[in-house]
Amino acid sequence: MKSNEPLKKRYEAVRARVVAAAARSGRGRDDVLLTVVTKFAAIDQIRELIELGHVDFGENRVQNLVQRAAQIEEFLERHRQLRSAKAVNIPDQVRWHMIGHIQRNKVRKVVNVARLIHSVDSLRLAEEIQLVAARRDDPIEVLLQVNTSGERTKSGVAPAAAAHLLEQIDTMLSIRPRGLMCMAPLVDDPEVVRPVFERCCELFEEISESGIGGDRFDILSMGMSNDFEVAIECGANVVRVGTAIFGQPQLPEAREESPADV
Ligand SMILES: *Cc1c(COP(=O)(O)O)cnc(C)c1O
């Protein structure tokens, strides 16, 4: 694979843009966490970013999350055994983030793998997560996904329902609510989405001031390839970026059929 060079460059460019946007909003380089969304990445590309020292990765589908986590765990285990000089940057562990909609019958798989679930969007899902997580030693950390854009196609709870739902989740012993996640509508001009992010940030601050979730209610996950800089300026401290790092996904036809096959 000889597209190595561009991937590193694109990754570093995104990191630099994250740091610059954080600085514009009065924060330091470690105040905003870049979650690299791997849904359109090849496994080699994920390994390459790990070799650069990257730790946080996100998937939006349960099956991919489970599969990739297993493949990467194998890769890390090999490196732990080898401890080669080349591997000095390689973290011992990576952290998987579940960022997509979860059906209740898949909760167990997610809880086994994910370090943070960004996409809790109903009481019933939270209850199912509690049931599964109760068998673990540590609570599982989650974000409540809110729909501050008002688009009916977007998942997430209505802003007016968020505080009450978080109060209920906060009583569940094996779930720790850490903050909010939102998604903006997909538009060409990122400035159009600024009000959506501002609204989510206001809600996040209201809820943290009310004391729900305690001191550890401190994560605001918003911003994707198209709009992560605006999101950071509005207060995001976690962004989820895929396309800006891996490029536009290829169409399935283009991926499967090489000219020789036709
Ligand atoms: C795919 C996805 C992202 C990343 O989107 P890009 O535009 O590729 O950066 C972020 N969040 C969620 C929930 C996603 O599904």
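Refer to the preceding data block for the structure.
These numbers were taken from a predicted model, which means no experiment stands behind them. (Residues numbered from 1 in each chain as written. Predicted model: local features only at pLDDT ≥ 70, side-chain atom pairs only at ≥ 80, totals over all residues. Heavy atoms only, no water.)

1. Topic: the packing of aromatic side chains
- Within the structure shown, the criterion is met by two aromatic pairs.
- Taken together, a centroid distance of 5.7 Å and an interplanar angle of 40 degrees make the contact between Phe 57 and Trp 96 tilted. Residue Phe 57 is found in strand β2 (residues 56-59), and its partner Trp 96 is found in strand β3 (residues 95-98); the two are separated by 39 residues along the sequence.
- You can call Phe 57 buried: its relative accessible area is 0%. (Phe/Tyr/Trp six-rings, centres within 6.5 Å; stacked < 30°, edge-to-face > 60°. Helix = DSSP H or I, 4+ residues; strand = E, 2+ residues; numbered from the N terminus. Buried < 20%, exposed > 50% of the residue type's maximum accessible area, 1.4 Å probe, protein only.)

2. Remarks on the site of the ligand
- Every residue near the ligand is listed here: Val 37, Lys 39, Asn 60, Ile 99, Met 183, Met 224, Ser 225, Arg 240, Val 241, Gly 242 and Thr 243.
- Between Lys 39 and the ligand, the recorded distance is 2.8 Å, taken from a side-chain N or O atom to an oxygen atom.
- Within the complex, the protein chains bury 91% of what would otherwise be the 390 Å² of accessible surface of the ligand.
- Residues of the shell around the ligand, tallied by class, amount to five nonpolar, four polar and two charged. (Near = heavy atom within 4 Å. Polar contact = N/O pair within 3.5 Å; in protein donor to acceptor, adjacent residues only side chain to side chain. Areas by Shrake-Rupley, 256 points an atom, 1.4 Å probe, with all protein chains shown as cover. Nonpolar A, V, L, I, M, F, W, Y, C, P; charged D, E, K, R; others polar.)

3. Brief notes about the packing of helix α6 (residues 159-170) against helix α7 (residues 194-210)
- It is the contact of α6 with α7, at a shortest axis distance of 11 Å, that shows an interaxial angle of 30 degrees. When the interaxial angle is binned, α6 and α7 end up roughly parallel. Here α6 and α7 pass one another in a crossing that is right-handed. Taken together, the residues of α7 that come into contact with α6 (itself represented by Pro 159, Ala 162, Ala 163 and Leu 166) are Arg 199, Leu 203 and Ile 207.
- Across the contact of α6 with α7, the residue classes break down as six nonpolar, no polar and one charged. (Axes fitted to C-alpha atoms, helices over the stretch in contact; angles between N-to-C directions. Parallel < 35°, antiparallel > 145°, perpendicular 65-115°, else oblique. Left-handed = near helix turned anticlockwise from the far one by under 90°. Contact = heavy atoms within 4.5 Å.)

4. Observations regarding a negative patch on the surface
- A contiguous patch of negative charge, built from Glu 198, Glu 202, Glu 205, Glu 206 and Glu 209, is present on the exposed surface.
- Mapped onto the elements of the fold, Glu 206 is located in helix α7. (Patch = residues over 30% accessible without salt bridge, like charges linked within 9 Å, V, L, I, M, F, W, Y side chains within 5 Å. Salt bridge = Lys/Arg side-chain N within 4 Å of Asp/Glu carboxyl O. Lys, Arg positive; Asp, Glu negative; His and termini not counted. Charge placed at Lys NZ, Arg CZ, Asp CG, Glu CD.)

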